[in-house]
Amino acid sequence: MDRLGPWAPALPRSTMDLLALLQWPAMLVTLVASWMVASRRTLRRSIGFWLFLVSNVMWATWGWHAGAHALIGLQVGLAAINIRGVIKAEQQSTP
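Residues numbered from 1 in each chain as written. Predicted model: local features only at pLDDT ≥ 70, side-chain atom pairs only at ≥ 80, totals over all residues. Heavy atoms only, no water.

With respect to helix H2 (residues 23-37)
Between its first and last C-alpha, H2 extends 21 Å over 15 residues, near the 21 Å set by a 1.5 Å rise per residue. For H2, every residue scored as buried is listed here: Ala26, Val29, Ala33 and Met36. Seen end-on, H2 carries its buried residues on one side only, within an arc spanning 90°. Of the exposed residues in H2, the ones pointing more than 90 degrees away from its buried face are Trp24, Leu28, Leu31 and Trp35. Here the buried face of H2 lies against helix H3 (42-66). (Helix = DSSP H or I, 4+ residues; strand = E, 2+ residues; numbered from the N terminus. Expected span 1.5 Å × (residues − 1). Buried < 20%, exposed > 50% of the residue type's maximum accessible area, 1.4 Å probe, protein only. Arc of directions from axis to C-beta. Contact = heavy atoms within 4.5 Å.)

Examining helix H4 (residues 69-93)
A turn of α-helix holds 3.6 residues, and therefore any two residues three or four places apart point the same way. Between its first and last C-alpha, H4 extends 37 Å over 25 residues, near the 36 Å set by a 1.5 Å rise per residue. Contacts from the buried residues of H4 go to H3.

Here we look at the packing of aromatic side chains
Scanning all chains against the criterion turns up two aromatic pairs. When the ring of Phe49 is compared with that of Trp50, the centres are 5.1 Å apart and the planes differ by 75°; the resulting orientation is edge-to-face. Ring centres 6.0 Å apart and planes at 90° place the aromatic pair Trp59 and Trp62 in the edge-to-face group. Pair noted here: Trp59 and Trp62 are both in helix H3, with a separation of three residues, about one helical turn. Considered together, Trp59 and Trp62 belong to a single accessibility category, that of buried residues. (Phe/Tyr/Trp six-rings, centres within 6.5 Å; stacked < 30°, edge-to-face > 60°.)

Structure below.
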């Protein structure tokens, strides 16, 4: 079996090459999201939250391609934690 997993023969080679490169933009989006959620501005923090969710999807897609099941689980868990944090922050800010 190819290191890309059992689905590799079903994908065109160009798609597999693009998926292999997905880790780099995923890393960049994650770094930008981290920077933005540390902002004092509400809009930037909100954009950072959505960028984190985008990066979770990107990492999970790359993890599926690479057969990294633990990474997929991590991304699901991190997304859940981020969503929980936003919900709790909204609950605390409303009187």
